[in-house]
Amino acid sequence: MAENALVGLNKFVLFLFCLLLVQVSVSEIIFEERFDDGWRSRWVKSDWKSSEGKAGSFKHTAGKWAGDPDDKGIQTSSDAKHFAISAKIPEFSNKNRTLVLQYSVKFEQEIECGGGYIKLLSGFVNQKKFGGDTPYSLMFGPDLCGTDTKKLHVILSYHGQNYPIKKDLQCENDRLTHFYTFILRPDASYSVLVDNRERDSGSMYTDWDILPPRKIKDVKAKKPADWDDREYIEDPNDVKPEGYDSIPREIPDPNAKEPENWDEEEDGKWKPPKIPNPAYKGPWKRKKIKNPNYKGKWKTPWIDNPGMFKCISRFFVIIEYILQIFLHTKECLNFIFRISEFEDDPDLYVLKPIKYVGIEVWQVKGGSVFDNVLICEDPDYAKQVVEEVFANREIEKEGFEEAEKVRKAKEEEEAQRAREEGERRRRERGHDRRYRDRYRDRYRHRHDYGDYHDEL
């Protein structure tokens, strides 16, 4: 009886453990969109720019070439338009959590100029008015224009101010599907991946100008008077050889010979020409030796940043007093404290609670396919998604190559027709010119004949 109870208890504990694992697994996926048939119930197309006739629409399609024709996304479907669409997601905070934002985009249209990025939005957003001026917490993805601009944006919002990454990250600009992944960790470190390969990594502390630097150069520091930064010095024991200064710069050429026709009475006494003296070494200088007192090149030392606004701290005390009396605004007081007495922000990486994900771009030529939007905590799961989609990568490449062959053949056919049409028109112009020449000659002959009779 006791054994049966123990077995039952073990099963119950195992069940609870499995249930916990399922809950943890589910909690790691905050939002995932593969744009299946029910996607319209989750996404709201914005009316932004509609009144101006500049709003574009999205088409549900896998595109002209795809690894899996049934794996559809949403495609910008018109040229020179603004596109804006968003989805409400379960509200979440990335405090003490790893944030993973990932999606795929295919610039099928051979984009000339336009964006392909995605945004995470906080607070309340009127999705029907979502547009370029809507505040966001994170903007991530490619932005292309011509052959020079292939920028990969990573813009973070901190206290209402947008801060772009200082690094010059490059995106892909071919016409195949590419995955873009941004990972932000609780230690404020980050990674940017393209197609599961790390493109860059670093820290928010160094790669964004959000907080003042922890260390600054000591502008008051001066090189010590006894600092010797000469790597080599003259050898004080080196002595100039005796007779060194009497060595001539030039000497008579020992191989020169007096010309046979030289006449001393008329030409004077012959002297051999001068040549550089191989023994002459120039003005004497002491040899150089390693400086035993060499300390290296002096550099301005780095010091802890004491704060950016300490010099006006008294002013902020007055402002704080006024705010306490009239505004009673705690956030303003915290802001004053933060800038007047610099401190590290342990929550630098924490975004405002995320409530929406959106796509808001402008494109000269439409045709970009957005798909596989993922917000989660697990980088490994994001990696699996890329591997799953890229299982059909070769099929997509083959489809693109075949489409390119068809396109080039069509262009060649159209070019051939244009050449033939041009040749036909040239022949017609030539025929018309010959006809005009014959008519002119005939008219001129008649005119000359009439003049002849007049003379008679």
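Cut-offs applied
- Residues numbered from 1 in each chain as written.
- Predicted model: local features only at pLDDT ≥ 70, side-chain atom pairs only at ≥ 80, totals over all residues.
- Heavy atoms only, no water.
- pLDDT = per-residue confidence, 0-100.
- Contact = heavy atoms within 4.5 Å.
- Patch = residues over 30% accessible without salt bridge, like charges linked within 9 Å, V, L, I, M, F, W, Y side chains within 5 Å.
- Areas by Shrake-Rupley, 256 points an atom, 1.4 Å probe, with all protein chains shown as cover.
- Salt bridge = Lys/Arg side-chain N within 4 Å of Asp/Glu carboxyl O.
- Lys, Arg positive; Asp, Glu negative; His and termini not counted.
- Charge placed at Lys NZ, Arg CZ, Asp CG, Glu CD.
- Helix = DSSP H or I, 4+ residues; strand = E, 2+ residues; numbered from the N terminus.
- Phe/Tyr/Trp six-rings, centres within 6.5 Å; stacked < 30°, edge-to-face > 60°.
- Buried < 20%, exposed > 50% of the residue type's maximum accessible area, 1.4 Å probe, protein only.
- Disulfide = S-S within 2.5 Å.
- Pairing = 2+ DSSP bridges.
- Core = buried A, V, L, I, M, F, W, Y, C linked by side-chain atoms within 4.5 Å.

Colleague: I'd like a description of the confidence of the model for the protein chain, backed by residues and values.
Modeller: Within the protein chain, residue pLDDT values average 85, and 80% of them lie at 70 or more. Counting interchain partners and residues more than four positions distant, the pLDDT-below-50 stretch residues 309-314 has 5 contacts. Low pLDDT (under 50) marks residues 333-341, which in the prediction has 17 contacts with non-local residues, meaning those over four places away or in another chain.

Colleague: So what's going on with a negative patch on the surface? Which residues, and what values?
Modeller: The grouping of E258, E264, E265, E266 and D267 at the surface amounts to a negative patch. Among the structural elements, E264 can be located in helix α3 (residues 264-267).

Colleague: Now, about the packing of aromatic side chains: what can you tell me, with residues and values included?
Modeller: Counted by the stated rule, this structure contains 12 aromatic pairs. A ring pair is formed by Y190 and W208, whose centres lie 5.0 Å apart and whose planes are at 75°; its orientation type is edge-to-face. Taken together, the positions of Y190 in strand β13 (residues 189-194) and W208 in the loop between α2 (204-207) and β15 (215-217) put the pair 18 residues apart, joining distant regions of the chain. The burial state of Y190 is the same as that of W208; both residues are buried. One aromatic cluster is present, formed by Y103, F140, Y180, F182, Y190, W208 and F370 through successive ring pairs.

Colleague: I'd like to hear about the environment of S189, residue by residue, with values.
Modeller: Checked against the element boundaries, S189 lands in strand β13. On the accessibility criterion, S189 (15% relative accessible area) is buried. A sequence separation of 16 residues divides S189 from Y205, and the C-alpha atoms of the two residues are 8.4 Å apart. Contact partners of S189, with chain neighbours within four places excluded, come to I183, L184, G202 and S203.

Colleague: Outline the state of the cysteines, listing residues and values.
Modeller: A covalent bond between the sulfur atoms of two cysteines is referred to as a disulfide. Taken as a whole, this structure holds 1 disulfide when the rule is applied. Sulfur-sulfur distance for the disulfide between C113 and C145 comes to 2.2 Å. An S-S torsion of about -100° defines the bridge between C113 and C145 as left-handed. Here C113 is found in strand β7 (residues 113-115), whereas its partner C145 is found in strand β9 (residues 138-145), with 32 residues between them in sequence.

Colleague: So what's going on with the environment of E110? Residues and values would help.
Modeller: Here E110 shows up in the loop between β6 (99-107) and β7. When the C-alpha positions of E110 and N173 are compared, they lie 8.1 Å apart, and in sequence the two are 63 residues distant. Look past the residues within four positions of E110 in its chain and what remains in contact with it is R175 and K365.

Colleague: Residue-level account of the pairing of strand β4 (residues 73-76), with values.
Modeller: Of the pairings in the sheet, the one linking strand β3 (residues 58-61) to β4 comprises 4 bridges and is antiparallel in character. The residue bridging K59 from the neighbouring strand is Q75, located in β4. In terms of strand pairing, β4 meets strand β22 (residues 368-376) through 2 bridges, oriented antiparallel. In the sheet register, I74 faces β22, and the bridge partner there is F370.

Colleague: Give a description of unusual backbone geometry that names residues and reports values.
Modeller: Apart from glycine, the bulk of residues carry a negative phi angle, and the bulk of peptide bonds sit in the trans form. Of note in this structure, E110 is not a glycine but carries a positive phi near 55°. Assessed through its relative accessible area of 48%, E110 is described here as partly exposed. The phi angle at D195 is positive, at roughly 55°, despite the residue not being glycine. Tracing the backbone shows D195 in the loop between β13 and β14 (197-203).

Colleague: Tell me about the nonpolar core, residues and numbers included.
Modeller: Residues Y103, F140, F182, M204, W208, V357 and I375 are the most contacted members of the largest nonpolar core, which totals 61 residues. Per-element tally for this core: the top contributor is strand β5 (residues 81-92), with 6 residues. Counting 11 residues, the second largest nonpolar core, distinct from the first, contains L374, V386, V389 and F390.

Colleague: Lay out the pattern of salt bridges with the relevant residues and their values.
Modeller: Tallied over the entire structure, the rule returns 34 salt bridges. Between R34 and E32 there is a salt bridge, with its nearest N and O atoms 3.1 Å apart. One salt-bridge network, held together by shared partners, links E110, R175, E404, R407 and E411.

Colleague: Give a description of the pairing of β9 that names residues and reports values.
Modeller: Judged by how many residues are buried, β9 sits mostly within the fold: 6 of 8 residues are covered. Across 3 bridges, β7 lies against β9 in antiparallel orientation. Across the sheet, C113 pairs through a bridge with C145, a residue of β9. Pairing of strand β8 (residues 118-122) with β9 involves 3 bridges; the strand directions are antiparallel. For I118, the partnering residue across the bridge sits in β9 and is F140. By the bridge criterion, 8 bridges tie β9 to strand β10 (residues 149-158) in an arrangement that is antiparallel. Bridge assignment links C145 to a residue of β10, and that residue is T149. Counted between consecutive antiparallel strands, the loop separating β9 from β10 contains 3 residues, among which G146 sits at a positive phi close to 65°.

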